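# Structural characterization, general
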Amino acid sequence: MPRLISLLLILAFLPACSQYRLASLHDVEIPNYEPREVVVPATCEGLIDRAATRGMEGFTEAEAREILFCQQQQIIRTQEEEAAAKRLEAHAAAARFALQTATFVLTGLIAVAAWVF
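With that settled, the discussion passes to the overall build of the chain. Across its full length, the chain carries three helices and zero strands. Reading the chain from its N terminus to its C terminus gives the helix and strand order α-α-α. Taking all 117 residues of the chain together, the buried fraction comes to 12%. Taking the intrachain contacts of the chain between residues at least 6 apart in sequence as the baseline, contacts between residues at least 24 apart amount to 69%.

Here's what the structure looks like:
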C-alpha cells in the first residue's frame, strides 16, 4: 500500500515538471572574467623606476603629478584584476553548489525510484 501511494504521488507531481526544459548552451550567458582595461601611460615605468632608485627630490612638479597619476592607475588596474578573480571564484562556488544540489536531488530520486520499484 505505501508503494502504491508513493507511485501515485510521483505520477501526480511528474506532470508539474513537464513544463520545464533543459537549458542549452545558447541560453546561457557566459560571463566575462577578464579585468576591465585600465590605461597606464608608457612613460610610467621609467618614471616610477627612477623615483624608486633616486627618490622624488629630483623631479619637477609635472613629473611628480605624473608619477602620482601612474601609481593611481596601477592601483586601479590591480583592483580590477582582483575584482575579476573574485567574480571567477564566486561563479565557481555557485557552480559547485549547483552540482552538489543536482547530485543530491538525483540521488534522492534514484533512491525513491528504487524503493518504489
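Anyway, onward from the coordinates.
Bringing the packing of helix H2 (residues 44-54) against helix H3 (residues 61-116) into the picture now. The geometry of H2 relative to H3 is characterised by a closest axis approach of 10 Å and an angle of 110° between their N-to-C directions. The angle between the axes of H2 and H3 places the two elements in the roughly perpendicular class. Along the contact surface, H2 presents Cys44, Glu45, Leu47, Ile48, Arg50 and Ala51, while H3 presents Glu63, Glu66, Ile67, Cys70, Gln71 and Gln74. Among the residues forming the contact of H2 with H3, the class breakdown is six nonpolar, two polar and four charged.

Turning our eyes to something else, we now look at the side chain of Glu80. Structurally, Glu80 is set in helix H3. In this structure the side chain of Glu80 is engaged in a polar contact, spanning 2.7 Å, whose partner is the side chain of Arg36.

Let us look at the confidence of the model for the chain. Of the residues in the chain, 87% have a pLDDT of 70 or more, and the chain-wide mean is 84. Within the chain, helix H1 (residues 2-17) has the poorest average pLDDT of any element, 70, and H3 the best, 91.

Along the chain, Leu88 turns up in helix H3. The class for Leu88 is partly exposed, based on a relative accessible area of 44%. The sequence separation of Leu88 and Pro31 amounts to 57 residues, and the corresponding C-alpha distance is 9.0 Å.

Turning next to the pattern of salt bridges. Counted by the stated rule, this structure contains three salt bridges. Its salt-bridge partner being Glu80, residue Arg36 comes within 2.7 Å of it at the nearest N-O pair. Remark: Glu80 occurs in helix H3 and Arg36 occurs in the loop between H1 and H2; sequence separation between them is 44 residues. Glu80 gets classed as buried once you look at its relative accessible area, which sits at 12%.

Rules used in this analysis
Residues numbered from 1 in each chain as written. Predicted model: local features only at pLDDT ≥ 70, side-chain atom pairs only at ≥ 80, totals over all residues. Heavy atoms only, no water. Helix = DSSP H or I, 4+ residues; strand = E, 2+ residues; numbered from the N terminus. Buried < 20%, exposed > 50% of the residue type's maximum accessible area, 1.4 Å probe, protein only. Contact = heavy atoms within 4.5 Å. Axes fitted to C-alpha atoms, helices over the stretch in contact; angles between N-to-C directions. Parallel < 35°, antiparallel > 145°, perpendicular 65-115°, else oblique. Nonpolar A, V, L, I, M, F, W, Y, C, P; charged D, E, K, R; others polar. Polar contact = N/O pair within 3.5 Å; in protein donor to acceptor, adjacent residues only side chain to side chain. pLDDT = per-residue confidence, 0-100. Salt bridge = Lys/Arg side-chain N within 4 Å of Asp/Glu carboxyl O.

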